[in-house]
Amino acid sequence: MPAYKRILLKLSGEALMGEDSYGINRATISRIVGEIKEVVDLGVQVAVVIGGGNIFRGVAPAAAGMDRATADYMGMLATVMNALALQDAMRHIGLVSRVQSALNIEQVAEPYIRGKAMRYLEEGKVVIFGAGTGNPFFTTDTAAALRGMEMNAEIVLKATKVDGVYTDDPKTNPAATRYQKLTFDEAIVRNLKVMDATALTLCRDQKMPINVFSIFKQGALRRVVDKEDEGTLVSQ
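Anyway, here's the lowdown on the structure attached to this text. Computed from a predicted model, the values in this text were never measured in an experiment.

Rules used in this analysis
Residues numbered from 1 in each chain as written. Predicted model: local features only at pLDDT ≥ 70, side-chain atom pairs only at ≥ 80, totals over all residues. Heavy atoms only, no water. Helix = DSSP H or I, 4+ residues; strand = E, 2+ residues; numbered from the N terminus. Contact = heavy atoms within 4.5 Å. Pairing = 2+ DSSP bridges. Axes fitted to C-alpha atoms, helices over the stretch in contact; angles between N-to-C directions. Parallel < 35°, antiparallel > 145°, perpendicular 65-115°, else oblique. Left-handed = near helix turned anticlockwise from the far one by under 90°. Nonpolar A, V, L, I, M, F, W, Y, C, P; charged D, E, K, R; others polar. Phe/Tyr/Trp six-rings, centres within 6.5 Å; stacked < 30°, edge-to-face > 60°. Lys NZ or Arg CZ within 6 Å of the ring centre and 35° of its normal.

### Things to note about the environment of Val-99
Okay, so step 1: Inspection of the secondary structure puts Val-99 in strand 3 (residues 97-101).
Okay, so step 2: Distance in space between the C-alpha atoms of Val-99 and Val-80 is 8.4 Å, their sequence separation being 19 residues.
Okay, so step 3: Residue contacts for Val-99: discarding those within four places in its chain leaves Ala-83, Leu-84, Gln-87, Ala-109, Glu-110 and Ile-128.

Written out as structure tokens, the structure reads:
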């Protein structure tokens, strides 16, 4: 039996690139969606917040001199593109999903309506949230924390390229070790980059646990949902 009934999965845009330098890698997105289907089939209700770094990275040099709010809106539109790609990949394997956008683009995605999203989850549909919070100056990490709380999720799962939070960068320091568990205050004081400070503080104040794990490890999402020793759990 899964340990959680409802989860909020935060997927970075970079996770969709696979080994590519930008864009969406078809094989990677198919594999990620397969992992999501595995936990949905267990009866877990899944909401997803998606980033846009894989698409925005291609225009980032041009955005360097841009007004920050304009650049942020461009990033939000990139997340909507990713949400649609994710929905399409889910459709291919028979997973029913709905995309809700914090920005109003109704020809492409439904507007974000909390009650509707909750109903979709109760019906067993995956809900994919695009466009972050709909506001510039807020990251998709903060959007994940916010939507996790609004959806009454039991945990926010941050899917990354690294299998947890480490004492140092494991790529440059082979002696770095993975934290199995951390408190919010330890993560904040040690500046461990679990999520950005706003998201981390929000989760701490609302007592919303976070698990950081690697989406590239086969079966890792299932193990997190089963409360096995996978990734790093950050809680009170």
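### Side note on the sheet that holds strand 9 (residues 232-235)
Okay, so step 1: One open sheet accounts for 9 strands, arranged 4-3-5-2-1-6-8-9-7; its pairing is mixed. Whereas interior strands pair on both sides, the edge strands pair on one side only; in this sheet they are strand 4 (110-111) and strand 7 (181-183).
Okay, so step 2: Here 2 bridges tie strand 3 to strand 4, and the two strands are oriented parallel to one another. Note on strand 4: the bridge partner recorded for Ser-101 is Pro-111.

### Digging into the packing of helix 6 (residues 140-150) against helix 8 (residues 197-205)
Okay, so step 1: Here helix 6 crosses helix 8 at 20°, and the two axes come no closer than 7 Å. On the basis of their axis angle, the class for helix 6 and helix 8 is roughly parallel. Pair helix 6 / helix 8 crosses with left-handed handedness. Taking contact as the criterion, the partners of Asp-141, Thr-142, Ala-145, Leu-146 and Met-149 in helix 6 are, on helix 8, Thr-198, Ala-199, Leu-202 and Cys-203.
Okay, so step 2: For the contact of helix 6 with helix 8, the residue count by class is 6 nonpolar, 2 polar and 1 charged.

### Examining the environment of Pro-209
Okay, so step 1: The residue Pro-209 is located in the loop between helix 8 and strand 8 (210-214) in this model.
Okay, so step 2: Pro-209 sits 52 residues away from Leu-157 along the chain, and the two C-alpha atoms are 8.6 Å apart.
Okay, so step 3: Excluding residues within four positions of it along the chain, Pro-209 makes contact with Glu-154, Ile-155, Val-156, Phe-184, Leu-233, Val-234 and Ser-235.

### Focus on the packing of aromatic side chains
The relation between two aromatic rings is expressed through the spacing of the ring centres and the mutual angle of the planes.
Okay, so step 1: Inspection of every chain in the model, using the stated rule, returns 1 aromatic pair.
Okay, so step 2: Seen from their ring centres, Tyr-112 and Phe-129 are 5.6 Å apart, and the 80° between their planes marks the pair as edge-to-face. Placement of the pair is Tyr-112 in the loop between strand 4 and helix 5 (114-122) and Phe-129 in strand 5 (residues 126-130), with a sequence separation of 17 residues.
Okay, so step 3: Geometry around Tyr-120 places Arg-98 over its ring, the cationic atom sitting 5.5 Å from the centre.

### Some thoughts on the packing of helix 1 (residues 26-40) against helix 4 (residues 68-92)
Okay, so step 1: At their nearest, the axes of helix 1 and helix 4 sit 9 Å apart, and the two run at 65° to each other. With respect to helix 4, the axis of helix 1 lies roughly perpendicular. In this structure, helix 1 crosses over helix 4, and the sense of that crossing is right-handed. For the pair formed by helix 1 and helix 4, the contact residues are Arg-26, Ile-29, Val-33 and Ile-36 on the first element and Ala-85, Leu-86, Asp-88, Ala-89, Met-90 and His-92 on the second.
Okay, so step 2: Of the residues contributing to the contact of helix 1 with helix 4, the split by class is 7 nonpolar, 1 polar and 2 charged.

Read these as spatial facts, not as claims about activity.
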